[in-house]
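# Residue-level structure breakdown
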Amino acid sequence: MTYDVIIDGKSYRLQLERTDGRWQCRLDGREVQMDAVLTRRDVLSVLIGGKAYEIKRERTATDLHLWVGSARYAAELRDPRSLRGRKDGAGGEKGPKKLIAPMPGKVVRLLVAEKAEVEAGQGLLVVEAMKMQNEIKSPKKGTVQKLVAAEGANVNAGDVLAIVE
Amino acid sequence: MTYDVIIDGKSYRLQLERTDGRWQCRLDGREVQMDAVLTRRDVLSVLIGGKAYEIKRERTATDLHLWVGSARYAAELRDPRSLRGRKDGAGGEKGPKKLIAPMPGKVVRLLVAEKAEVEAGQGLLVVEAMKMQNEIKSPKKGTVQKLVAAEGANVNAGDVLAIVE
Amino acid sequence: MFKKILIANRGEIAVRVIRACRELGITSVAVFSDVDRASLHVRKADEAYHIGPPAAAESYLNFSKILGVAQLSGADAIHPGYGFLAENAKFAEACAEAGVKFIGPTSASMEMMGSKTRARQEMEKAGVPLVPGTARGLESAEQAEEVAARIGYPVMLKAAAGGGGKGMRLVHTREQLKSALEGAQSEALRSFGDGEVYIEKAIVNPRHIEMQVLADEHGNTVYLGERECSIQRRHQKVLEESPSPIVGPDMRRRMGEVAVRVAKAAKYTNAGTVEFLVDQEKSFYFLEMNTRLQVEHPVTELITGLDLVHLQIRIASGEKLPFTQEEVRIRGHAIECRIYAEDPDNNYFPSPGTITLLLAPSGPGIRRDSGMYEGWTVPVDYDPLLAKLIGYGTDRSQAISRLVRALNEYFVGGIKTNISLFRRILGDADFLAGRLDTGYLDRLLKTKLPEAKGEDAEVAAIAAGLFAVLEPAPAVAGGGCSVNGASGAMNGSAASGWRKAARTEALR
Amino acid sequence: MFKKILIANRGEIAVRVIRACRELGITSVAVFSDVDRASLHVRKADEAYHIGPPAAAESYLNFSKILGVAQLSGADAIHPGYGFLAENAKFAEACAEAGVKFIGPTSASMEMMGSKTRARQEMEKAGVPLVPGTARGLESAEQAEEVAARIGYPVMLKAAAGGGGKGMRLVHTREQLKSALEGAQSEALRSFGDGEVYIEKAIVNPRHIEMQVLADEHGNTVYLGERECSIQRRHQKVLEESPSPIVGPDMRRRMGEVAVRVAKAAKYTNAGTVEFLVDQEKSFYFLEMNTRLQVEHPVTELITGLDLVHLQIRIASGEKLPFTQEEVRIRGHAIECRIYAEDPDNNYFPSPGTITLLLAPSGPGIRRDSGMYEGWTVPVDYDPLLAKLIGYGTDRSQAISRLVRALNEYFVGGIKTNISLFRRILGDADFLAGRLDTGYLDRLLKTKLPEAKGEDAEVAAIAAGLFAVLEPAPAVAGGGCSVNGASGAMNGSAASGWRKAARTEALR
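All residue numbers here refer to positions counted from 1 along the written sequence of the relevant chain. In the order they appear in the text, chains get letters beginning with A and ligands get numbers beginning with 1. pLDDT decides what is reported in this predicted model: residues at 70 or higher carry local features, side-chain atom pairs at 80 or more are listed and counted, and totals for whole chains, interfaces and linings draw on all residues regardless. Water and hydrogen atoms were dropped before computing side-chain values, which therefore reflect all heavy atoms in the structure.

### Structural notes on the interface of chain D and chain B
- Contact between two residues is taken to exist if any of their heavy atoms lie within 4.5 Å; hydrogens are not considered. Counting from both sides, the interface comprises 65 residues of chain D and, opposite them, 55 residues of chain B.
- Once two parts are brought into contact, the accessible area they lose, counted with a 1.4 Å probe and summed over both, makes up the buried area. Across the chain D/chain B interface, buried area totals approximately 5,100 Å², and carbon plus sulfur atoms make up 68% of it.
- By salt bridge we mean one thing: a side-chain nitrogen of Lys or Arg within 4 Å of a carboxyl oxygen of Asp or Glu. Summed over the shared surface of chain D and chain B, the result is five salt bridges.
- With a shortest N-O distance of 3.2 Å, Arg30 of chain B and Glu458 of chain D are connected by a salt bridge.
- Polar contacts, as counted here, are pairs of nitrogen or oxygen atoms within 3.5 Å of one another; within protein the pair requires one atom able to donate a hydrogen and one able to accept it, and residues that are adjacent in sequence qualify only if both atoms are side-chain atoms. The interface formed by chain D and chain B includes 10 residue pairs in polar contact (both at pLDDT 80 or more).
- Only DSSP runs of H or I covering at least 4 residues are called helices, and only runs of E covering at least 2 are called strands; the numbering of each starts at the N terminus. At the level of secondary structure, the elements contributing two or more residues to the side of chain D that touches chain B comprise β16 (349-350), β18 (357-359), β22 (411-413), α16 (457-470) and α18 (495-505) of chain D.
- It is α16 of chain D that provides the largest number of residues to the side of chain D that touches chain B, a total of 14 residues.
- Basically, the charged four are Asp, Glu, Lys and Arg, the nonpolar ten are Ala, Val, Leu, Ile, Met, Phe, Trp, Tyr, Cys and Pro, and anything else, Gly included, counts as polar. Classifying every residue of the side of chain D that touches chain B by side-chain character gives 38 nonpolar, 12 polar and 15 charged.

If you want it as structure tokens, here you go:
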């Protein structure tokens, strides 16, 4: 199998073969002496040149993270023969930006009005969840195009709260 | 759903329906007020008349055990509409009995010869496993028809070691 | 001894109390709201009753529902845990009226300690050291100036009915005082419907150190050593330890004797905590008394070898304290980390959702009090405390090293937690030197983390491919074993909604 | 201090030592045989090296392979754990020759304690109380009769090179003596190639109580309290506790001082254990010295607050003991349960196989040292010890109640364990009263269990249907998440064979 792997933004070409009970592994063409065993679901034990790694896989709807010990790496994986697996752009840097509720909760206060000019990082509204008030900050400098959430509204994680242009 | 359930040899007729987020449960025709949630794989939380039970399911090749708290129950389950699920007799009480290796290990000593008359519970041979020597005892009074295992042989769990008639 | 105890709480503390009941041979009764049907405390209790919708006011805070379950189940006592009804004097009274023993102090003690100015007045009478200032509301700016001149700047203005930093002003000079007083009074009026503001000397960079006390119903009161609780964020404790790095035997005895005096002045019974502010000269001042079991009680249990919940129950059932002050033996060092469902990369926002993978630490010197399990969906409706990890060691440095080891073993997948924060604190030079005050954590969080080196990125790349070969699965939360992930939703609860939520959240 | 330690062991004790290394900032090196690739100690170590096939002689007992890994990895010390090479004087010598520090006593101390008659002679010189008898082999039946008449019947004949009950005879009367001596001599010759037999007074219903000692390389030796280890089956300890129910402060001091004398006579360094037989009059007699860390060391750690593995490593690196005898503070009570993969319904036969479900206890007073995890396949090749569950309490009854609570939380599915045995012991009247001796467990197991009432059979019936509705799955081990169950087999090991085996075994 050959994979294109992206770890924290950096691309690797990975070749993995299993023959005679041993792994053949090449990373960007370079051979890596490696042994691996899946100890339980989502937990891998990997030995590379004597070093032992416990690696945890954390999967969410669209993201894949790998934890090597206590360090967390964002991972993307593509089979070059396949067209699947490409993450779509998810918004880009320019244009209107949606302010997304990071957790379910209740909008307890609006801190700005529509059409207000805001700085990147400025608090736009306050959502209460798990007994804590959390200021939701503007993702960019710009104008508040629309405040979708009303004071007192219950929101779910992922709901659009506002749009900043 | 209707099931025939056998718990430690005793049969029950169980009817389970889920309507409006509530369980309707009848055991041998008698209604049981009950609520249940699968908390994780093989672990059930059941409330019956206020009492709370943590129930574990242990599945093996042919057996099903349920642990209510720390008490273990052998369970069999049949869907009366289906023909599957019937355990086959597994040997009966009469006729030749196979002496089965209860664990993988090594036969270190034979304690009887073929054709020997043995009592029920008499040690026939010794298997060493996990650093311990374990005497394997005759399942019945009778004659050792055949000693399948030889001294020094490695055996797997389930291997036939001897036949007593 | 009681036959049956109702636990009017949820999460790790409910599990903690259930365990104590089991150890004492007492039947435990859990209560749960709609979203807590699959919670660990329901699974572990002997009996469990549904008490209503998620909103605490309609379930965990609802007197009549809880007392109704007590009656229905035949419970002869109620343990309130911490939070919810634990410091509610009216609930303690309602229990007494219903003939159910409230495991805690009397409503009279709770009422006295519930009002800041009243507590201050009583403690002044009892000769307890207080931060210099007035125990009554200020009548004019002139009076304020006069007191401030006497006690010296900086001073702190505080709302009598206050809490949570509302109606509070730090004043450095005489010039600022008048407008600060007006601001504090109007904020106090708006927040609490009561504009009463009093003045205290401001303690610069104080430590927050508290003393555990225990009093039976026969007049015996003991102290069980202090807890250093200076590491806080948003007035919420994050990490606690005992002993405090600055408290020696003599200071412990002096603080302990004051704490006992406080408890006796309040005719206190059962377990309680006297909180002190400690200044840079190690002078300590009474701050308030918490009339309940604390979240951080395990550190005291580890250094004394006692079980505070067992003792709470024994005391409430009328038993005498089974030991004297002289028999209390403090040994070793203990530190607690509060594991919260919070996102360290996103300003510690709450992070509810489904736990897809859970690896829990154990081994020497490690105690884990947890309310979570793999497959459980953390509800959004309550406090984000998931578990407490407590490390014990022969000395402070061993306790720290064991905790760091255990934190590295701890893995909670699917939701964000503050586990990485503790690694940071426990490796910080100021923490290691014991240089702590209530501003410590804010300062630490303001310093930028050094860029993670990512030296194992290649290992991660190889692992990504290995997982794809060895365990191919759709990339969804809990998808490896979808029956697992869906478990929380089985009873028609809101779990499926949260699961969706957790998934969406992961988009960030 | 060492930079890197090789752990020449496996299972829970390897994990225990890895944790200590991590806490001390030392790199840990694991070794593993073919069937241990997926074992927890390999997953948890910093480095891991394959050392050969399952047979211990070709892997965990193989000097050259282990010393080869030490050289390859650059380890500067080796911790042997218990079992395998832990008491092998030749291995300690080989380490010294290879320039790697063996974390344990010198080979000279190990050799002295390895021979029963030699140890007896040395201890006699040092004035250590011994069971009355001869320290040398018997030359004739007449000599045996003469000694027996002097010390009184019953007497025990023992092989000098003995162990495991071979070449041992209990003799009640003079008439039995001659033939018993001949039998013992010929059995000793057959078993050990050495027919030397000596005689000792037989202690009736003795207790087995041992004393932990610790000696640095600068001449300082301390004792850390006793462990009551009378609960044994087939000479294998099952449950240990500290303090012993019959040892008070004075007896502890006397036993401790003797243990220190034993250690000093052997020029002992590092951690060791002096075993005593104790008769019904509480007289104690030196039995032997175990020149290693014991399985049951955690109970001593809990009552002293010390970490014995940390101290072993510090001592081996040349540090002085960081405390004196007077500073050792014993507090509370601790009990250890050894969780074995054994089938209680089938004469405690070993029960290897795949663990399909694992629920682990935690909470107040509970320490868990484990080498297992859900999905792991217990190999058939080694000792069946899976984990140790240790309970601590203010007193013995609290320690017992906490352990019972934790045992009820513990669930290991897919294989058989002896967890139910501990529930039985901890509820037994003789155990609760502390009436223990080395015959205790055999007597307990001979008494029939009362027929289980099965009062929850109806609940089980309902649950069977609920599982079928909520989580339908094929009825195979680990089938709920088959990728999990198969995990052990990923590396071409023998795991698939054991899986098949475990399945077949489950047919019983």
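### Some thoughts on the environment of Ala162 of chain B
All names here are of chain B.
- Take Ala162: it is sitting in strand β17 (residues 160-164).
- Looking at Ala162, the relative accessible area reads 0%, which means it is buried.
- The residues contacting Ala162, other than those within four sequence positions of it, are Lys97, Lys98, Leu99, Lys146, Leu147 and Val148. Only protein chains enter the calculation, and the probe is 1.4 Å; a residue is then buried if its accessible area is under 20% of its type maximum, exposed if over 50%, and partly exposed in between.

### Digging into the sheet that holds strand β7 (residues 169-171) of chain C
Residue and element names in this part refer to chain C.
- Pairing is antiparallel across the open sheet formed by three strands, whose spatial order is β7-β6-β8. Two strands bound the open sheet, and with one partner strand each, they are β7 and β8 (197-201). Between one strand axis and the next, the sheet turns by 25 degrees as a mean value, whatever way the strands run.
- In this structure, strand β6 (residues 155-159) lies alongside β7, joined through three bridges in antiparallel fashion. Residue pairing in the sheet places Met156 in a bridge with Leu170 of β7. In this analysis, strands are considered paired if DSSP registers two or more bridges between them. With axes taken as lines fitted to C-alpha atoms, and helix axes fitted only over the stretch in contact, angles between N-to-C directions fall between 0 and 180 degrees.

### Structural notes on the confidence of the model for chain A
All names here are of chain A.
- Think of pLDDT as the predictor's per-residue confidence, scored from 0 to 100. Summing up the model confidence of chain A, the mean pLDDT is 85 and the portion of residues at 70 or higher is 90%.
- Looking over chain A, one finds the lowest element-wise mean pLDDT in strand β14 (residues 132-137), namely 79, and the highest in strand β6 (residues 43-48), namely 97.
- Segment residues 83-93 is flagged for pLDDT under 50; beyond a separation of four residues in sequence, or across chains, it makes nine contacts in the model.

### Looking at unusual backbone geometry
All names here are of chain D.
- Of the consecutive residues Tyr153 and Pro154, the connecting peptide bond is found in the cis state with omega at -5 degrees.
- With respect to the helices and strands, the residue Pro154 is situated in the loop between α7 (141-151) and β6 (155-159).
- Put simply, Ser242 and Pro243 share a cis peptide bond, and its omega is -5 degrees.
- Along the chain, the position of Pro243 falls in the loop between β11 (236-242) and α9 (249-265).
- With a phi close to 40 degrees, Phe84 is a non-glycine residue in the positive phi region.
- Mapped onto the secondary structure, Phe84 falls in the loop between β4 (77-79) and α4 (89-98).

### Focus: the packing of aromatic side chains
- Pairing of aromatic rings covers Phe, Tyr and the six-membered ring of Trp, with a centre-to-centre limit of 6.5 Å; geometry is then stacked below 30 degrees between planes, edge-to-face above 60, and tilted otherwise. All told, the structure shown has 16 aromatic pairs over all chains when counted by the stated rule.
- Their ring planes at 80 degrees and their centres at 5.2 Å tell us that Trp67 of chain A and Phe411 of chain C sit as a pair that is edge-to-face. On the criterion of chain membership, the pair formed by Trp67 of chain A in strand β8 (residues 64-68) and Phe411 of chain C in strand β22 (residues 411-413) is interchain, its members lying in two chains. We note that Trp67 of chain A, like Phe411 of chain C, is buried.
- Each ring, one from Tyr60 of chain C and one from Tyr382 of chain C, has its centre 5.4 Å from the other, and the planes form 80 degrees; the classification is edge-to-face. Within this pair, whereas Tyr60 of chain C is found in the loop between β3 (47-52) and α3 (63-73), its partner Tyr382 of chain C is found in the loop between β20 (377-378) and β21 (385-393), the two being separated by 322 residues in sequence.
- A relative accessible area of 0% means that Tyr60 of chain C is categorised as buried.
- Site record: aromatic cluster; members linked through ring pairs are Tyr60, Phe84 and Tyr382 of chain C.
- Here, a charge over a ring means that NZ of Lys or CZ of Arg falls within 6 Å of the ring centre while also lying within 35 degrees of the ring normal. The ring of Phe431 of chain C carries the charged tip of Arg396 of chain C above its face, separated from the ring centre by 4.4 Å.
- Sitting over the face of the ring of Phe32 of chain D, Arg37 of chain D holds its NZ or CZ atom 5.9 Å from the ring centroid.

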